[in-house]
Amino acid sequence: TAVLAAPDLKPAAADNAILVARTAAPDLAPLMGRVRGLITDLGGAASHLASVAREFNVPAIMDTREATASIANGREITLLADECKVFEGLVPELARKPPARNAGDERGPIGSHLRELLDRISPLNLTDPASPEFSPSGCRTLHDLIRFAHEKAMGEMFNLSELADASVVSRKMSANIPLSIYFIDLGGGLAPELTSCDDILPEHIRSKPMAALWRGLTHPGITWSGAVDINARNFMALMAGSIGPENAAPPKVDSYALVSADYLNLSVKFGYHYSNLDALCSEDANANTIALQFSGGAGTGAGKALRIEFLSQVLNRLGYEVEVRGDTLQAALKGLDCPSMEAILDQTGRLLGCSRLLDLAIPSQTEVQTLTELFFKEDYDFLGRSEKRLPGFYASVGEWSQRELDGQAVIVQDGAGMTSTIACTLHNALDRVVGGRYQKFLENRHARHYYPVAVKRDSRREEGPIRADVRIAAGCVDLAAGLAFGLANVGNCLVLAADAGAGELQLLEFINNTRHFRARTKMEIPMDRWLRIEARVAGNKIEGAMDGQIALEFTAERPVEGHVGLWCKGDTTAYFRNLEASNAPNDASTP
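Values in this document were obtained by computation on a predicted structure and should not be read as measured data.

## Here's the deal with the packing of helix α7 (residues 301–318) against helix α9 (residues 365–376)
- Closest axis-to-axis distance for the α7/α9 pair is 9 Å, and the angle between their directions is 35°. In the packing of α7 onto α9, the handedness of the crossing is right-handed. On the side of α7, the interface is formed by L306, E309, F310, Q313, V314, R317 and L318, while α9 contributes Q365, V368, Q369, L371, T372, E373, F375 and F376.
- A breakdown of the residues in the contact of α7 with α9 according to their chemical character gives eight nonpolar, four polar and three charged.

In structure tokens, the structure reads:
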């Protein structure tokens, strides 16, 4: 019978079962004296759990990548570890009794001597770092000494960021999320051409663990602009923290990242709580590790406890070993190859981003499980959940919805509410009196823009055609709509837009919410008519077309990759249909 590894797995449930687990977590080692077999999604043959399995003669298959998704709890299977095969049901002709642990070890004086040496080397007695016995005096074997030294070294790594003070040369990250991060490059962690005067941009990161975590923190589904209602309970919690309603915004505190090519030590402050993360992502899977510490918050004790429980549930499902003490959480994950570590760091970044104010927003124990399931469905907008959210898209800026137009299902961005009647009247008067100079002023203003963007789920891609039909229906200050692509998040992307007000097809680039014109071509953009907008991407080459005709070209500084979505300018009301995006080669003959 297969038993799925879970936080509440009782030792008795593992008796004579085959244990199926996502990772080769060290906390599963005590079960190796009970189970008949072991299968893991992640983890190598050199991991600690694999070593313990060998010591107990437990047949094991490691790093299958799909065992937990393919084998249901309670299902009968037959494991043939010699050939790395799993059969459905019981196969009697393959059944055999595993040899006893000591079988064959006592054959002659050499075998006896080897067994005596192994008894002083391999057994692990220090299994619980929180136990009083976890000390130098508690070490009885070489394995104990190695485990003790490793745990203490990992503990000290959490304190590395405390070295980052004014005397340390560092560079600040320039990004459009509310984090102030200073980077300290230990070697190979950042682009080599940077100086101490440069702002760090995401493309400057060379550290594999930091790049993976940053992808998660800036995932387009994470809504950093979300807020919570200040109810009576939250107000008292804020007051207890000496934060008055006149200063309800979280304080901005500097965070520090120590990086190298394969290492990250991050001390990050999310307003009222902090997280420390230490990660090694190297070619040696047995040395790779992630250690996370999370503590604090602005909510009540109950609110902080509920958030910690939510974090624990998600981290356990990701394969972390989790320990909670009060409002402090510590989690660790070890022994995975670098691509697997990067994937989990990406998920960890998403978790840190979407949970930042949850201690003020989780109302009950029931909600914890709901949020956990939403997280694994990639629904991260916990603070602004609404049934009106556009299906198939991440939570977005703007008023997006599905409607029917001329008997067809379309997506609409309604910009009518973004400009007041007074502002619209003033705009029309200036347009009549000043004319072209006013339009030029609008185009060249360098304020930060937060334009409506709807990001399509599961649309991350590198090159190929991106197409959609666009129909500009109305607008006061703005009359433009189009495609977003190469999107890291809603403030960092490329946009191919038809601008009826300017009479242009435009290629825009947004860097930390600031707009830059990259190419533009004068052409007629009719109102209230369907237009076929297409961006053709090949590496760093971009072509923009309308109704099948190429109208502009541009060469970016780097290859274009990221998510795809729909974009509107300001108060434009526009309709969209037939959004298509694939990694297929560009086909110039496709309209």
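On we go.
## Some words on the sheet that holds strand β27 (residues 573–581)
- Sheet architecture is open: seven strands sit in the order β15-β16-β27-β18-β23-β24-β25, paired in antiparallel fashion. Of all strands in the sheet, those bounded by a partner on one side alone are β15 (400–405) and β25 (549–555). Along the sheet, successive strands turn relative to each other by an average axial angle of 30°, direction set aside.

## Looking at the packing of aromatic side chains
- A complete count under the given rule lists eight aromatic pairs for this structure.
- Each ring, one from F134 and one from F148, has its centre 5.6 Å from the other, and the planes form 40°; the classification is tilted. Taken as a pair, F134 in the loop between α3 (108–121) and α4 (142–157) and F148 in helix α4 lie far apart in primary sequence, 14 residues in all. Judged on exposure class, the residue F134 and its partner F148 are both buried.
- Ring plane angle 85° and centroid distance 5.8 Å describe the contact between Y451 and F510, whose orientation is recorded as edge-to-face. Pair noted here: Y451 is in the loop between α11 (436–444) and β17 (453–455) and F510 is in strand β21 (residues 504–511), with a separation of 59 residues, a long-range link.
- Site record: aromatic cluster; members linked through ring pairs are F375, F376 and Y380.

## Focus on the environment of R403
- Looking at the secondary structure, you find R403 in strand β15.
- With relative accessibility at 39%, the residue R403 sits in the partly exposed group.
- R403 has contacts with Q408, A409, V410, V412, D414 and Y575, leaving out every residue within four places of it along the chain.

## Details of the environment of S180
- Looking at where S180 falls in the secondary structure, it is placed in strand β8 (residues 180–187).
- As a C-alpha pair, S180 and D254 span 74 residues in sequence and 5.1 Å in three-dimensional space.

## Looking at the sheet that holds β21
- Across the sheet, which stays open at both edges, the six strands sit in the order β17-β26-β19-β20-β21-β22 with antiparallel pairing between neighbours. Lying at the two open borders of the sheet, with one neighbouring strand each, are β17 and β22 (514–522). Put simply, the sheet's adjacent strands are angled 20° from each other on average, direction ignored.
- Pairing analysis gives five bridges linking strand β19 (residues 480–489) to strand β26 (residues 563–568), with the strands arranged antiparallel. Residue pairing for β26: A481 is matched across the bridge by C568.

Reading guide: rules and limits
Residues numbered from 1 in each chain as written. Predicted model: local features only at pLDDT ≥ 70, side-chain atom pairs only at ≥ 80, totals over all residues. Heavy atoms only, no water. Axes fitted to C-alpha atoms, helices over the stretch in contact; angles between N-to-C directions. Helix = DSSP H or I, 4+ residues; strand = E, 2+ residues; numbered from the N terminus. Left-handed = near helix turned anticlockwise from the far one by under 90°. Contact = heavy atoms within 4.5 Å. Nonpolar A, V, L, I, M, F, W, Y, C, P; charged D, E, K, R; others polar. Pairing = 2+ DSSP bridges. Phe/Tyr/Trp six-rings, centres within 6.5 Å; stacked < 30°, edge-to-face > 60°. Buried < 20%, exposed > 50% of the residue type's maximum accessible area, 1.4 Å probe, protein only.

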